[in-house]
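# A look at the structure
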Amino acid sequence: MMICERDDFSLTGPLHLTSIDWANEHHRRSVAGSLVQGIYVAERDRQLQRDGPELALSPIWSEFFHFRLIRKLVDDADNSIFGGIYEYKPPQLISQTVKSLELSPRFVVAFRGTVTKVDSISRDIEHDIHVIRNGLHTTTRFEIAIQAVRNIVASVGGSNVWLAGHSLGASMALLTGKTIARTGVFPECFAFNPPFLSAPIEKIKDKRIKHGIRIAGSVITAGLALAKKATQQYSQNDRASPATSDPFAALSDWFPRLYINPGDHLCSEYIGYFEHRNKMEEIGIGFVERVATQHSLGGMLLGGKEPVHLIPSSVLTVNLSSSRDFKQAHGIHQWWREDQKFETKVYQYK
């Protein structure tokens, strides 16, 4: 049986991480990414019938770091594995040498992205379309995911739970994270190449033109949002409280970790989304952006719900190393490679 190189931990996994320091961002990012890759490989194991310890390639992606897959999250329509729950169980001897053990998670809920194989492709694309239409919250996958996360958080507390996902799976991680965060519990969230659905403004080289387009977009979006809100309040005779008038404020202390490659047009707009907010504050019209940043122009025109990709605060890590093509820029393996150059910025919504 032909083995795909990307599935083989011994060929493409972070073998250099023989000892984990849970306070080290590179270590945390690499482990979270590997656990997500473990879900991708678990689904390919299923489809290719790689069963048992001799054939299955997925276990080593988690067991190398002393995580065990205790539950697979399975799609109710095609039986594909779209996520999983890992439990961290370091041996007693290891736990004495692990650095910053108190910062480690007890459980990680991980979600894969689209798998382009016949047994899962149609269902995955169906969910990709739900992301585009801001309808991921209506899917049974989300129901399965949020119930699993709620149960674990209720059992061990939010500080002991990590969420992680790549591409479509990053959207699922962010949506479950946002839902939990609204209850005042802020789980760590690692979103690799999360889709940001927008015109690719970030590809424009001229900074003045790029900034001008973003300002115009913000003014239009904020105007439409305020007009829509005024109409709703008038029709309902609704007196909105400060809490309901700014739903972003309730999420502002939640800092999901976003991992973005500028060469990946599916996620690169996150760079401009956060930078633009800062620039609007600098030129004195931050109030416009505080309204606009909560809304998607496309989402409002579609009449959909709040888009998954719009979040108030984040720890944004950008891969500054060049990628040879889109496939590499959108791939998950880059996030644990030692030869990549990363830049991290913290953005807080105020």
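Whatever comes next refers back to the structure up there.
Residues take numbers from 1 onward in each chain, read along the sequence in its written order. With pLDDT at 70 or above as the cut-off, local features in this predicted model cover only qualifying residues; side-chain atom pairs require 80 or more to be listed or tallied, and sums for whole chains, interfaces and linings still use all residues. Side-chain metrics in this entry use all non-hydrogen atoms of the structure; hydrogen atoms and water are not considered.

In this model, Gln49 sits at a positive phi of 55°, which is unusual for a non-glycine residue. By the criteria applied, helices consist of DSSP H or I runs no shorter than four residues and strands consist of E runs no shorter than two, each listed in order from the N terminus. Position of Gln49 relative to the elements: it lies in the loop between helix H2 (25-47) and helix H3 (52-55). Burial classes: relative accessible area under 20% of the type maximum marks a residue as buried, over 50% as exposed, and values in between as partly exposed (1.4 Å probe, protein chains only). Looking at Gln49, the relative accessible area reads 60%, which means it is exposed. One non-glycine residue, His66, lies in positive phi territory at about 70°. Along the chain, His66 falls in the loop between helix H4 (59-63) and strand S1 (67-74).

Each helix should span, by expectation, one fewer than its residue count multiplied by 1.5 Å. With 23 residues, H2 should cover 33 Å at 1.5 Å per step; its first-to-last C-alpha distance of 34 Å lies within 8% of that length. For H2, a buried count of 21 out of 23 residues is recorded, marking the element as mostly surrounded by other parts of the structure. Polar contact is the term for a pair of N or O atoms within 3.5 Å; when the atoms are in protein, one must be able to donate a hydrogen and the other to accept it, and sequence-neighboring residues count only if both atoms are side-chain atoms. With a side-chain oxygen positioned 2.8 Å from the backbone nitrogen of His26, the residue opening H2 is Asn24. Just beyond H2, the residue with positive phi is Gln49, at close to 55°.

The nonpolar core is taken to be a set of buried Ala, Val, Leu, Ile, Met, Phe, Trp, Tyr and Cys residues, with the residues joined through side-chain atoms within 4.5 Å. In terms of nonpolar packing, the biggest core is built from 46 residues, with Val109, Phe111, Leu174, Leu258, Tyr270, Phe274 and Leu316 touching the most fellow members. Here Leu316 is in contact with Leu258, Ile260, Tyr270, Ile271, Phe274, Glu343, Thr344, Lys345 and Tyr347, once residues within four sequence places are set aside. Counting 31 residues, the second largest nonpolar core, distinct from the first, contains Val36, Tyr40, Leu57 and Phe65. Pairs of residues are marked as contacts when any of their non-hydrogen atoms sit within 4.5 Å.

Just geometry here; none of it tells us what the structure is for.
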